[in-house]
Amino acid sequence: MRQHPMRRAVALFAAVTTLFATFALSAPLAAVADVPTPAVSTPFQAPLCAGDTDSDPADQQGVIVPDATLVFGQRLAAYNAGRIVPLYDAFGGTVLIDSAGTVRPNAASYPPLCGTRYVESAGSAVSEWMFCTDRDAQPCGDTDAAGNLVDGTGTVLNPMTSLAGNPKLDAAQEKLIAYLIQHGHSYAGVGDQLWGGVIEARADGTTDTRNALQTLV
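Novice: Honestly, the overall build of the protein chain in this entry has me stumped. Any pointers?
Specialist: Each helix and strand in the protein chain was counted, giving three helices and eleven strands. Each helix (α) and strand (β) of the protein chain, taken in turn from the N terminus, gives the series β-β-β-β-α-β-β-β-β-β-α-β-β-α. A total of 217 residues make up the protein chain; the buried ones form 50% of that total. Look at the contacts in the protein chain between residues 6 or more apart in sequence, and 68% of them connect residues 24 or more apart. Accessible surface computed for the protein chain: about 9,800 Å², of which carbon and sulfur atoms make up 55%.

Structure below.
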């Protein structure tokens, strides 16, 4: 089981496309979320986020949702409503709830999260990394058997909601975080933020380079 070095309680995310939100992330460059018309009626596999992960999101063993890319149940309902659907975490899965339905302690997803949403201009689902902007918050990116979004205790949460901005960040901070997420940065980690000794933090690299970028954010 993965042990995560930072405690988290409520999701605060910054989308890889530079917009920010509390409890959610904003739909990039759109005031209103795109909604598929007609609604998608059949579960489908969302595209992967850029880069590599330690495990294969579509082949998770011993967990309640063995294919973390699958948009089904309440995930599908959220997708059809134009919401962003968290799929898997920085390591490539979501290991909170095992195949027997037991909630594992200290196993909540670790940010950034790969989220997918419908984009009208693409005519399909688009997946992007979402970075947490609050060190003391949980990403709330895990899923139960019905496709509900759940927190680190397995408690069902409301779907993500798009917001105009993050009230904890000023304009300069938003620009800085946006730059880091889009362009990456050199990295020299210490202690539990060493991340395998990587020297570059970037979203589209490996799990370690992505975790390093989360540390910078």
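Novice: For this particular structure, what's the right way to read unusual backbone geometry?
Specialist: Among all residues save glycine, negative phi is the norm, and among peptide bonds the norm is trans. A cis amide bond links Thr37 with the next residue in sequence, Pro38, at an omega value of 0°. Along the chain, Pro38 turns up in the loop between strand 2 (20-22) and strand 3 (44-45). Looking along the chain, the bond that leaves Pro111 and enters Pro112 is cis, with omega of 5°. Mapped onto the elements of the fold, Pro112 is located in the loop between strand 5 (85-88) and strand 6 (113-119). Positioned with a positive phi, Cys140 is a non-glycine residue whose angle comes to about 50°. Note on placement: Cys140 falls in the loop between strand 7 (124-132) and strand 8 (142-143). Phi at Trp195 is positive, roughly 50°, even though this residue is not glycine. Examined against the element boundaries, Trp195 turns out to sit in the loop between strand 10 (185-186) and strand 11 (200-201).

Novice: What is the right way to look at helix 3 (residues 207-216) in this model?
Specialist: Along an α-helix, residues three or four positions apart point the same way, because every turn accommodates 3.6 residues. Counting buried positions along helix 3 yields seven of ten residues, so the element is predominantly enclosed. Those residues of helix 3 that are buried lie in contact with strand 7, helix 2 (171-183) and strand 11.

Novice: I'm lost on the pattern of salt bridges in this one. Help?
Specialist: On inspection of all chains with the given rule, the structure shows four salt bridges. Between Lys168 and Asp134 there is a salt bridge, with its nearest N and O atoms 2.6 Å apart. Taken together, the positions of Lys168 in the loop between strand 9 (149-150) and helix 2 and Asp134 in the loop between strand 7 and strand 8 put the pair 34 residues apart, joining distant regions of the chain. The class for Asp134 is buried, based on a relative accessible area of 14%. Arg202 serves as the salt-bridge partner of Asp204, at 2.7 Å between the closest nitrogen and oxygen. A residue is classified by how much of its surface remains accessible, and Asp204, at 41% relative accessible area, is partly exposed. Here the salt bridges do not stand alone but share partners, grouping Glu200, Arg202 and Asp204 into one network.

Novice: Whenever I open this one, the side chain of Asn80 confuses me. Can you help?
Specialist: With respect to the helices and strands, the residue Asn80 is situated in helix 1 (residues 73-80). Of the residues examined, Asn80 reaches a relative accessible area of 17% and is grouped as buried. Separated by 2.8 Å, the side chain of Asn80 and the backbone nitrogen of Val40 make a polar contact. When sequence neighbours within four positions are dropped, the list of residues in contact with Asn80 reads Val35, Pro36, Ala39 and Val40.

Novice: For this particular structure, what's the right way to read the confidence of the model for the protein chain?
Specialist: Close inspection of predicted coordinates is inappropriate for parts of the model with low pLDDT. Summary statistics for the protein chain give a mean pLDDT of 86 and a share of 85% for residues scoring 70 or more. In this model residues 1-31 is a low-confidence stretch, pLDDT under 50, and it forms 129 contacts with partners more than four residues away in sequence or in other chains.

Novice: Can you help me understand the state of the cysteines in this one?
Specialist: Throughout this description, disulfide means a covalent bond between two cysteine sulfur atoms. Across all of its chains, the model carries one disulfide by this definition. Sulfur-sulfur distance for the disulfide between Cys49 and Cys114 comes to 2.1 Å. Disulfide Cys49-Cys114: torsion about the S-S bond near 90°, hence right-handed. With Cys49 in the loop between strand 3 and strand 4 (70-71) and Cys114 in strand 6, the pair connects residues that are 65 residues apart, well separated along the chain. Comparing Cys49 with Cys114 shows no difference in burial state: the two are buried. Lacking any disulfide linkage, Cys132 is separated from the closest cysteine sulfur, that of Cys140, by 9.0 Å. You can call Cys140 buried: its relative accessible area is 7%.

What counts, and at which threshold
- Every chain is numbered independently, its residues counted from 1 as its sequence is written.
- Given that this is a predicted model, residues contribute local features only at a pLDDT of at least 70 and side-chain atom pairs are listed and counted only at 80 or more, while totals for whole chains, interfaces and linings are drawn from all residues.
- The basis for every side-chain value is the complete set of non-hydrogen atoms in the structure, without hydrogens or water.
- Only runs of H or I of at least four residues qualify as helices and only runs of E of at least two qualify as strands under DSSP, and these elements are numbered from the N terminus.
- Partly exposed describes any residue whose relative accessible area lies between the buried limit of under 20% and the exposed limit of over 50%, with all areas from a 1.4 Å probe on protein chains only and scaled to the type maximum.
- Should any heavy atoms of two residues lie within 4.5 Å, those residues are counted as being in contact.
- Surface exposure here means Shrake-Rupley accessible area, sampled with a 1.4 Å probe, where a residue is shielded only by the protein chains that are shown.
- Salt bridges, as used here, are contacts in which a Lys or Arg side-chain nitrogen is within 4 Å of a carboxyl oxygen on Asp or Glu.
- In the analysis that follows, any N or O atom pair within 3.5 Å is treated as a polar contact, provided that within protein one partner can donate a hydrogen and the other can accept it, and provided that, for residues neighboring in sequence, both atoms belong to side chains.
- Here pLDDT means the predictor's own confidence in every residue, given as a number from 0 to 100.
- Working definition: a disulfide is two cysteine sulfur atoms within 2.5 Å of each other.

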